[in-house]
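Observations on the model geometry
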Amino acid sequence: MTGSRPLKPPAQAHSGPVIFDRGIPDILGYLTLCSLPVPRHVATAAKAARYNRRVFLAPFWDEIFTQDTERKQSQTETEATCAVMFETYIALGYEIIELPRTDIARRADFVCEQLAI
């Protein structure tokens, strides 16, 4: 197909760490946040399709919070989202590694150190 982007290889094809911005547990978390029922297949997938036992969480950070065309959540919703994601991942048996509240370069260094890169 002209103009289409080539498919990326699956995460398993990479020899080093692969970082996902979102995961199946996030769906469960958002449903919980919105007081919506969690379909059985979502709960099953969140338990079955496991990621590394350690996951990174970017905490709510008031000093850098901004609402724009990409982030439509209010500050209160954003704080609640962070809390529910933390609770969801913990309930699924993950270990949370909270990203430090610092500049992007230091956050990247922190992640690399945690991954021993």
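Above this text sits the structure in question.
Considering the nonpolar core
- Core analysis: the biggest nonpolar cluster contains 13 residues, and V55, L57, Y89, Y94 and I96 have the highest contact counts within it.
- Counting residues per element, the ones that place at least two in this core are helix 1 (24-33), helix 2 (40-48), strand 1 (54-57) and helix 3 (75-91).
- Ranked by residue count, the leading element in this core is helix 3, at three residues.
- Residues within four places of Y89 in sequence aside, it is in contact with G23, P25, D26, V55, Y94 and I96.

Overview of the pairing of strand 2 (residues 95-98)
- Sheet topology places strand 1 next to strand 2; four bridges connect them, and they run parallel. The residue of strand 2 that forms the bridge with L57 is E98.
- Once you follow strand 1 into helix 3 and on to strand 2, the crossover reads as right-handed.

Things to note about the packing of aromatic side chains
- Enumeration according to the criterion identifies two aromatic pairs in this entry.
- For the ring pair F20 and Y51, a centre distance of 5.7 Å and an interplane angle of 70° mean the geometry is edge-to-face. Highlighted residues: F20 in the segment before helix 1 and Y51 in the loop between helix 2 and strand 1, separated in sequence by 31 residues.
- We classify F20 as partly exposed; its relative accessible area is 47%.
- The interplanar angle of 65° and the centroid separation of 5.2 Å between the aromatic rings of Y89 and Y94 together place this pair among those described as edge-to-face. The pair Y89 / Y94 is uniform in exposure class, with both members buried.
- The ring centre of Y94 lies 4.1 Å from the NZ or CZ of R50, which sits over that ring.

Criteria and thresholds
- Residues numbered from 1 in each chain as written.
- Predicted model: local features only at pLDDT ≥ 70, side-chain atom pairs only at ≥ 80, totals over all residues.
- Heavy atoms only, no water.
- Core = buried A, V, L, I, M, F, W, Y, C linked by side-chain atoms within 4.5 Å.
- Buried < 20%, exposed > 50% of the residue type's maximum accessible area, 1.4 Å probe, protein only.
- Helix = DSSP H or I, 4+ residues; strand = E, 2+ residues; numbered from the N terminus.
- Contact = heavy atoms within 4.5 Å.
- Pairing = 2+ DSSP bridges.
- Right-handed = clockwise from strand over helix to strand, strands pointing away.
- Phe/Tyr/Trp six-rings, centres within 6.5 Å; stacked < 30°, edge-to-face > 60°.
- Lys NZ or Arg CZ within 6 Å of the ring centre and 35° of its normal.

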